[in-house]
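Chain residues, written in single-letter form:
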Amino acid sequence: MRSRFSDGCPETGLAPVFLHSHLDFHSLNGRVSRAFVEPPVTAAEPFCRETERPDRHPHSIRMDMQTRNDLRNLAIIAHVDHGKTTLVDAMLWQSGVFRENEQVAERVMDSLDLEREKGITIMAKNTAITYRGTKINIVDTPGHADFGGEVERTLNMVDGVMLLVDATEGPLPQTRFVLGKALARGLPPIVVINKIDRPDRRINEVLDEIYDLFIDLDATEEQLDFPVLYTNARAGVALTDPDGRGRDLVPLFEAILEHIPAPTCDPEAPLQFLVTTLQHSDYVGRIGVGKVVNGVLRRNREVALLKPDSPPLGASLSQVYTYEGLNRVEREEVPAGDIAAVAGVDDIFIGDTLGDLPEPRPLPVITVEEPTISMVFSVNTSPLAGRDGKFLTSRHIKERLDKELLYNVSIRVEQAENRDSYRVNARGELQLAVLVETMRREGFELSLSKPKVITREVKGQLSEPMELAVVDVPEKFVGIVTEMLSSRRGKMTRMINNGFGRVRLEFEIASRGLIGFRSRFLTETRGTGILNALLVGYMPHAGEIAGRPNGVLVSDRDGRAVTYAIHHLQPRGTIFVNPGEPVYAGMIVGENSRSEDIRVNITKEKKLTNIRAAGSDEALHLIPPRRFTLEQAMEYISDDELVEVTPGAIRLRKMERR
Ligand SMILES: Nc1nc2c(ncn2[C@@H]2O[C@H](COP(=O)(O)OP(=O)(O)OP(=O)(O)O)[C@@H](O)[C@H]2O)c(=O)[nH]1
Ligand SMILES: [Mg+2]
């Protein structure tokens, strides 16, 4: 994507606000890359308005709170895929962060390998742009429900949010979750209806749905008075009127300056820096990211590391940074109001406060919602273990999980029944799958059990997590989808036919009923169905839910799969392996078309009676095997089965091999 600005004056059709504004877009080297339309730039004054906000201060000590008009801190929040990272791209381009001819990857903030492969944001990330002399810190957050913990945490470092909603899909479960969290924190929202270029957009209905959602979430009068912008993030255009014309994001930048409050803080007060995210650098080690709530962060200064329930520890900051474009930039000091990062404090953890040694003032501890799903990680005990992995022992696994706990506050790890096993509790299957996939790439081998929901005792009753599942399907699949969800004890609570040929159904269903559902749902709806779910709380246990209807074909010996054997087994079901692949006794090599498991010999060669017979093996027609992604494998297995994960392979097996 390119910057949408052209040299010279704007043509007709620009939003009126543009004509009264001036632009001051600096590129990284400090050159003004675009400037037109008078009057000349006047950089906003820092600390220009004095206010008193004792309510924001945990100790209600009288403070001289000041407003940093030269700063804005905001998070972009939305349901998955509604266009957050794409909009950040456009904001970066139009604020001159990149050179005109610079090669920059699309959705540049999705910088992790897994993010690029999956096309989703997994970790919240910071960036900063400058618009009309005001620095805007932007946090791009993930929209997938499993990473909701990232979003919750992130909200601790911002003063307002931009809620993005797809102009066709409207608010979806995660829109409700993230907006609910933002409103509960009193963060003012700007609503952005994105993808207005979609031919099936329904802008007015979507706006009504957004109002309904705000009302449903008990928004205050003030919160209901949100500004609305309409964007095509891909083209980098924002409009204040959906029927208007525009060429850039100026209306959006202006709305940010006007509606996102400037941070209020006291730079003269003792330091308070809340660690919200941790990052790692090979050069400086652990880096804590967060907001300087009060005081000033200074490099090489002794500070107090304040952890919940323990006395202050002395620490020295080897580096202090702020954000500029995509970079962390070293600074001698960062005054209150800005988002900053610090290095040199080895024991720093999410939720810690950095304070002044003589007068330590800890900030409230960060809490995020509890995990709802667990999976046991254990040592790979298959006969093929150790062939391609580097880290194989339970000690390796334990150390790696301990490291994960440092950066990921929404998971918990506990010792499982077996000494070589650890139970990892998380917010969803995707979050677990991302962790396993990351470990696998680092060289780990693991055995994984079937993910299970975490039950709780609520008022003396066994309770389990319940979800609101929202499915969107073409009309002709309503029957089958309803039947599938009902058989998993889902209750339909709403059905909306928008008259566009697609129907939206809402179900209340135990999380357990959704495990393993997604792939069947996609098969039954020929890939056209959309399924989203949001945890709504704990409800009394729903009772038995039938598991996988099919049995499996289990190899009865070690060896290699053979074309001849596969050819003879494929009428019995679906085969999972290719000829030549190593197999072992207890490995699942296919799905039985019936409900029971059967042991098979997939290594059986044809008896060679003559030369021609040996050659004729190659003429046998084989159906391509069914392959599993990690998530599909985790969803597929039953309670007595495991997924074997190595850097090079994903295999399914029985726990008991013989
Ligand atoms: N037509 C159209 N497509 C868009 C627009 N904005 C984003 N997209 C597309 O929507 C898809 C998802 O965009 P992302 O920016 O990754 O969405 P996201 O909200 O960051 O997704 P997560 O971070 O995974 O929650 C991509 O294929 C984008 O190209 C838009 O305004 N119009
Ligand atoms: Mg994203």
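Before reading further, recall that the structure is shown in the block above.
Values in this document were obtained by computation on a predicted structure and should not be read as measured data.

1. Regarding the packing of aromatic side chains
Inspection of the entire model under this criterion finds nine aromatic pairs. Summarising the aromatic geometry, the rings of Trp-93 and Phe-98 are spaced 4.8 Å apart at their centres and angled 65° between planes, so their arrangement reads as edge-to-face. Phe-98 matches Trp-93 in its accessibility class, with the two residues each being buried. Taken together, Tyr-211, Phe-214 and Phe-226 form an aromatic cluster joined through their ring pairs. Cation over ring: Arg-328 sits above Tyr-321, and NZ or CZ is 5.4 Å from the ring centre. Over the ring of Tyr-538 we find Arg-456; its NZ or CZ atom is 4.0 Å from the centre of that ring.

2. Focus: the site of ligand 1
Taken together, 17 residues sit near ligand 1, with Lys-84, Thr-85, Thr-86, Thr-121 and Asp-197 positioned nearest. Between an oxygen atom of ligand 1 and a main-chain N or O atom of Asp-81, the distance comes to 3.1 Å. The separation between an oxygen atom of ligand 1 and a polar side-chain atom of Thr-85 is 2.7 Å. Against a free-state accessible area of 650 Å², the protein chains account for coverage of 90% of ligand 1. A total of three residues in the shell around ligand 1 trace back to one element, the largest contributor, which is helix H2 (residues 84-94). Here the shell around ligand 1 is composed, by residue class, of three nonpolar, eight polar and six charged.

3. Examining the sheet that holds strand E16 (residues 302-306)
Adjacent strands of a sheet pair through backbone hydrogen bonds, lying either parallel or antiparallel. A sheet is described by the order of its strands in space; here eight strands give the open sequence E17-E16-E22-E13-E14-E21-E18-E19, paired in antiparallel fashion. The open sheet terminates on both sides in strands that have one partner only, identified here as strand E17 (313-316) and strand E19 (327-331). Averaged over all neighbouring strand pairs, the angle between strand axes comes to 40°, with direction disregarded. Running over the sheet, helix H9 (residues 394-407) touches strand E13 (272-281) and strand E14 (285-294) and is turned about 140° from E13.

4. Overview of the coordination of the magnesium ion (ligand 2)
At 2.0 Å from the magnesium ion (ligand 2) lie its protein donor atoms, namely Thr-85 (OG1) and Thr-121 (OG1). A residue pair is termed long-range when its members are at least 10 positions apart, and Thr-85 in helix H2 and Thr-121 in the loop between helix H3 (113-118) and strand E6 (125-131) qualify at 36 residues. The exposure class of Thr-85 is buried, given its relative accessible area of 5%. With relative accessibility at 8%, the residue Thr-121 sits in the buried group.

Cut-offs and rules
- Residues numbered from 1 in each chain as written.
- Chains lettered and ligands numbered in written order.
- Predicted model: local features only at pLDDT ≥ 70, side-chain atom pairs only at ≥ 80, totals over all residues.
- Heavy atoms only, no water.
- Phe/Tyr/Trp six-rings, centres within 6.5 Å; stacked < 30°, edge-to-face > 60°.
- Buried < 20%, exposed > 50% of the residue type's maximum accessible area, 1.4 Å probe, protein only.
- Lys NZ or Arg CZ within 6 Å of the ring centre and 35° of its normal.
- Near = heavy atom within 4 Å.
- Polar contact = N/O pair within 3.5 Å; in protein donor to acceptor, adjacent residues only side chain to side chain.
- Areas by Shrake-Rupley, 256 points an atom, 1.4 Å probe, with all protein chains shown as cover.
- Helix = DSSP H or I, 4+ residues; strand = E, 2+ residues; numbered from the N terminus.
- Nonpolar A, V, L, I, M, F, W, Y, C, P; charged D, E, K, R; others polar.
- Pairing = 2+ DSSP bridges.
- Axes fitted to C-alpha atoms, helices over the stretch in contact; angles between N-to-C directions.
- Contact = heavy atoms within 4.5 Å.
- Donors = N, O, S within 2.8 Å, 3.2 Å for Na, K, Ca; no water.

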